[in-house]
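Coordinate inspection notes
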Amino acid sequence: MSSLDSVFAAYVLGWAVFFVFYLTVARRTATLDKEVERLKNTLNRGK
Amino acid sequence: MSLLSNTAVLLGKELRTEFRSRELLTTTFIFILTIIVLFSFTFDPTSDESRRFAPGLFWLAFLFASSLMLQSCFLREQPNDTLSALRLSVSDPFSIFLAKLAANALFLLLTELLLLPFFTVMYNVPVLPVLHWLALVFFLASLGISIAGTALSAISAQARMRELLLPLLMLPLLTPILVASAEATKALLDRAPYVPWAGMGFLTVFDVVFLTAIWLFGEYLLEE
Amino acid sequence: MGKRALAGAVVVFLMGAAAYASFYIAPEEKTMHVLQRIFYFHAATAWAGMTALFIGFVANLLYVWRREGKWDALGVACAEVGLACFTVVLITGPIWAKPAWGIYWTWDARLTSTFILWLLYVSYLLLRTLIEEPDRRALLSALFGIFAFIDVPIVFGAIRWWRTQHPAPVIMGGPGSGLDPTMSKVFFFSVFALHCLVVFLINERYRLEKLRAKFEIVRREAEAI
Amino acid sequence: MTPPAFAPIGLRFEDIDKRYGGIYALRRVSLTIGPGECVVFAGRNGSGKTTFLRIAAQLVRPSAGKLSFSCASPNEETPAIRAGFVAHATMVYDELTAEENLLLFSRLQGTPKPENRVAALLEEVGLSERRASLVRTFSRGMRQRVAIARALLHEPAVILMDEPATGLDPQGVSWLAETLRRLRDSGRTILMSLHGESEIASLGTRAIRLDGGSVVADTRTGATFRSILTFADV
């Protein structure tokens, strides 16, 4: 039943790639968001 | 009209500076020769095998060499900001590209023709009977390499790591040229040679498409 | 926030439904049996990837024309998502090829040209990391993106013309080549699901790029103090 | 050699912005420079002088705003303006001779009888004897002379000079001042950036100081004029 395994593997790996891509985007967004907030705070305190 | 005369003047300048030093031509020539020799050491091909592999090898060596050679065509303008002077003087920036790519195509073609005898002897492939067709294929392919390569070298000249970047941008973009010219050359070097109309037509299409693209977008490549 | 989470949930649901349909609703193919079920995912991803790259191409053109930062952001978002799609295509392809043809990789037209397409867009993203000044990076990478996209059909043409030793890929004739109606329904549903995913991902990536621009501005302001 | 008849040209900058990334090199610069004015720009390094001149030369596209040219006689159509530009870099080829350089650019500009024009200009900048030497072998001052000659090749109506005295010896400065005086008196519009007071600065009819990419002072009168150049008020 190696065929079914192949199909399964293809779906799982494909989904994984998309998911990992989404995760990296989300993580980069989160870090940047935090960074922007931090900088804004410093700016406000500086003023 | 002024486009053509500007191009002619600029081409004259490119050729004059190159033939004064001949640095680019000599280096490229030696580089390709080295690759061709090294390849035969690694593979030790027989006559039939070399008929099959030689064209591809020849064009691959050429593509590598040109990705190094084309680096300098915009870098040369940087130390004294002469590109700005050109932009201020010409009426159409396309002429700057036309002159550069014509010069590059000419240099490539010259190197190819100079290498051909070495190639023939080392790989034992007869070229004399098909020389005129071979020259045409060389011309179309060198033109294509220079058209796309000149545009990309204008990009890479403005980036970091440019020495590595240009081959990286150029090689995938030029795969069609590599495939088509290798196939066309193979057809001409076959035991029963035939005229590779498909290959030559394909190269022409590539040249026309990318020349149009540079005509449309070249101006922006030079923008500051 | 709520809207995006909802969109994400819908996309996950659609993807799940597409997978379910291709496993349980689509009829078994005669020659390849269960193996053929990769097709719904593999080919639909390729279609969606092409769509992403096409949107990216339009964004690149618009950037060169209008010089607005949003087109640059959209361009890079589409290139990354397109690249992710073709990564999936290049992974699922060999998984399919191994049991079907007995080998993982063959220098067949589709495989080779997909791989070169992939390399072209990797170069595009690499180029972006190597130009510091944002306006110049946007302009030059947009121009390279345009050249790359123009090159895609030429690459396909060249490789198809000279490099196809294998018969046309086994079943993938696309609709109209005798694909069973249920099969084609499942396939187009897959295509739809993948397009939704691609749009969702592009939107997420686009937001990140916009945030990055904002970050730059705030950072510069902070430095100025 | 009589200069060709030409209409003096004015420049108009409207809300010009130039951003490099998030940094403003120029911010909301609005200036009207009349035909035949000789404007001296002063300012610290990084104040935007170079960017301003490059925008005036149409080498750099502003991020926002508009640059337009105007003719002295309003019913004449403004031709495509090709300014004479002297930049920090020499903008000539080191691997060509002085004469080849000038011939190249005058041919590109479509000058009729470029040989005559180039010979006359080489005489004027005092390089006739070295015309056949490669620019590479020249001293800094001589290169600057070639650069100035290149900018003046097509007898431009608008002349832009970014610190044109760089590398020139005292005689060179006097020569440049003399040349600029002649150009100014013939009605050409001159914009130049300078450091401090000098023979050349005294040619100016107007002084503008840039700071942080904006115009902070702009005058035509004596006392303020000098203070702008020398930063006396800072």
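So, on to the overall build of chain C. Looking only at helices and strands, one finds 6 helices and 0 strands in chain C. In sequence order, the secondary structure elements of chain C are arranged as α-α-α-α-α-α. Looking at chain C residue by residue over its 225 residues, the buried ones come to 54%. With the model as given, the accessible surface of chain C reaches about 9,900 Å², and the carbon-plus-sulfur share is 68%.

Attention now moves to the packing of helix α9 (residues 175-189) of chain B against helix α10 (residues 197-221) of chain B. Residue and element names in this part refer to chain B. Relative orientation of the contacting elements α9 and α10 amounts to 155°, with a least axis distance of 8 Å. The pairing of α9 with α10 is recorded here as roughly antiparallel in orientation. Helix-helix and strand crossings are classified by hand; for α9 and α10 the assignment is left-handed. Of α10, the residues touching α9 (which contributes Pro176, Ile177, Ala180, Ser181 and Ala184) are Gly199, Phe202, Leu203, Phe206 and Asp207. Considered class by class, the residues forming the contact of α9 with α10 number 7 nonpolar, 2 polar and 1 charged.

Residue and element names in this part refer to chain D. If you check the domain split of chain D, you get domain 1 (7-83 + 156-234) and domain 2 (92-155). Its C-alpha centre places domain 1 at a distance of 24 Å from the equivalent point of domain 2. Domain 1 puts 19 residues into the contact, and the matching count from domain 2 is 12 residues. For the pair domain 1 and domain 2, the summed buried area comes to about 1,200 Å², and 62% of that belongs to carbon and sulfur atoms. Counting the surface domain 1 buries against domain 2, the share from its top three residues, Arg82, Pro156 and Trp175, is 44%. Linking domain 1 to domain 2 there are 1 salt bridge. Across the pair glutamate 124 and arginine 182 runs a salt bridge whose closest N-O atoms are separated by 3.1 Å.

Counted by the stated rule, this structure contains 31 aromatic pairs over all chains. Here the aromatic rings of B:Phe29 and B:Phe118 are separated by 5.7 Å at their centres, their planes lie at 70°, and the arrangement is edge-to-face. On the criterion of sequence distance, the pair formed by B:Phe29 in helix α2 (residues 23-43) and B:Phe118 in helix α6 (residues 94-123) is long-range, its members being 89 residues apart. A relative accessible area of 16% means that B:Phe29 is categorised as buried. Taken together, a centroid distance of 6.3 Å and an interplanar angle of 50° make the contact between B:Phe210 and C:Phe147 tilted.

What follows deals with the sheet that holds strand β4 (residues 64-71) of chain D. Residue and element names in this part refer to chain D. What the 3 strands build is an open sheet, ordered β2-β1-β4; its pairing is antiparallel. Only two strands of the sheet have a single partner each, and these edge strands are β2 (23-33) and β4. Ignoring which end each strand starts from, the neighbouring axes of this sheet average 15° apart. Across 7 bridges, strand β1 (residues 9-20) lies against β2 in antiparallel orientation.

Here helix α1 (residues 2-21) of chain B spans 29 Å end to end across 20 residues, near enough to the 28 Å set by a 1.5 Å rise per residue. Of all the positions in α1(B), only B:Asn6, B:Thr7, B:Leu10, B:Lys13, B:Glu14, B:Leu15, B:Thr17 and B:Glu18 are classed as buried. Buried positions along α1(B) lie against α2, α5 (82-89) and α6 of chain B together with α2 (98-108) of chain D. B:Arg22 sits one or two residues past α1(B) and shows a positive phi near 55°.

Residue and element names in this part refer to chain B. Taken together, the side chains of Phe31, Leu60, Phe64 and Leu68 make up a nonpolar region of the molecular surface, amounting to roughly 310 Å² of accessible area. Here the nonpolar patch takes 3 residues from helix α3 (residues 47-69), the largest share from any one element. One can find leucine 68 in helix α3.

Here the focus is the interface of chain A and chain C. Across the contact, 25 residues belong to chain A and 40 residues belong to chain C. Across the chain A/chain C interface, buried area totals approximately 3,100 Å², and carbon plus sulfur atoms make up 85% of it. Counting the surface chain A buries against chain C, the share from its top three residues, A:Tyr11, A:Phe18 and A:Phe21, is 24%. At the boundary of chain A and chain C, one finds 1 salt bridge. Applying the counting rule to chain A against chain C returns 3 residue pairs in polar contact (both at pLDDT 80 or more). Class assignment of the residues belonging to the side of chain A that touches chain C gives a composition of 17 nonpolar, 4 polar and 4 charged.

Looking now at the pattern of salt bridges. Pairing between side chains becomes possible if they bear opposite charge and their charged atoms approach one another. Summed over the entire model, instances satisfying the criterion amount to 33 salt bridges over all chains. The shortest N-O distance in the salt bridge between B:Glu14 and B:Lys13 comes to 3.2 Å. The buried category is assigned to B:Glu14, whose relative accessible area is 4%. For B:Lys13, a relative accessible area of 6% gives the class buried. Among the ionic pairs, D:Glu100 bridges to B:Arg20, the shortest N-O distance being 2.7 Å. Residue D:Glu100 is found in helix α2, and its partner B:Arg20 is found in helix α1; the two belong to separate chains. Residue D:Glu100 is classed as buried on the basis of its relative accessible area, which comes to 16%. The class of B:Arg20 is partly exposed, set by a relative accessible area of 40%. Linked by salt bridges that have partners in common, A:Arg28, C:Asp72, C:Glu80, C:Arg128, C:Arg205, C:Glu209 and C:Arg212 make up one network.

Residue and element names in this part refer to chain D. Strand order in the open sheet formed by 6 strands is β5-β6-β7-β3-β8-β9, and the pairing between neighbours is mixed. Every other strand in the sheet has two partners, leaving β5 (84-86) and β9 (214-219) as the edge strands with one partner each. Neighbour-to-neighbour, the strand axes of this sheet turn through a mean angle of 15°, independent of strand direction. Where β5 and strand β6 (residues 158-162) come together, 3 bridges link them in parallel fashion. Bridging across to β6, valine 86 finds its partner in methionine 161. Contacts between helix α1 (residues 49-56) and the sheet are confined to β3 (38-42), β5, β6, β7 (189-193) and β8 (206-211), with β6 contributing the most and set at about 155° to the helix. Set on the sheet, helix α5 (residues 170-185) makes contact with β3, β6 and β7; between it and β7 the angle comes to about 145°.

Calculation notes
Residues numbered from 1 in each chain as written. Chains lettered and ligands numbered in written order. Predicted model: local features only at pLDDT ≥ 70, side-chain atom pairs only at ≥ 80, totals over all residues. Heavy atoms only, no water. Helix = DSSP H or I, 4+ residues; strand = E, 2+ residues; numbered from the N terminus. Buried < 20%, exposed > 50% of the residue type's maximum accessible area, 1.4 Å probe, protein only. Areas by Shrake-Rupley, 256 points an atom, 1.4 Å probe, with all protein chains shown as cover. Axes fitted to C-alpha atoms, helices over the stretch in contact; angles between N-to-C directions. Parallel < 35°, antiparallel > 145°, perpendicular 65-115°, else oblique. Left-handed = near helix turned anticlockwise from the far one by under 90°. Contact = heavy atoms within 4.5 Å. Nonpolar A, V, L, I, M, F, W, Y, C, P; charged D, E, K, R; others polar. Domains from an automatic or database assignment. Buried area = accessible area lost by both parts, 1.4 Å probe. Salt bridge = Lys/Arg side-chain N within 4 Å of Asp/Glu carboxyl O. Phe/Tyr/Trp six-rings, centres within 6.5 Å; stacked < 30°, edge-to-face > 60°. Pairing = 2+ DSSP bridges. Expected span 1.5 Å × (residues − 1). Patch = residues over 30% accessible without salt bridge, like charges linked within 9 Å, V, L, I, M, F, W, Y side chains within 5 Å. Polar contact = N/O pair within 3.5 Å; in protein donor to acceptor, adjacent residues only side chain to side chain.

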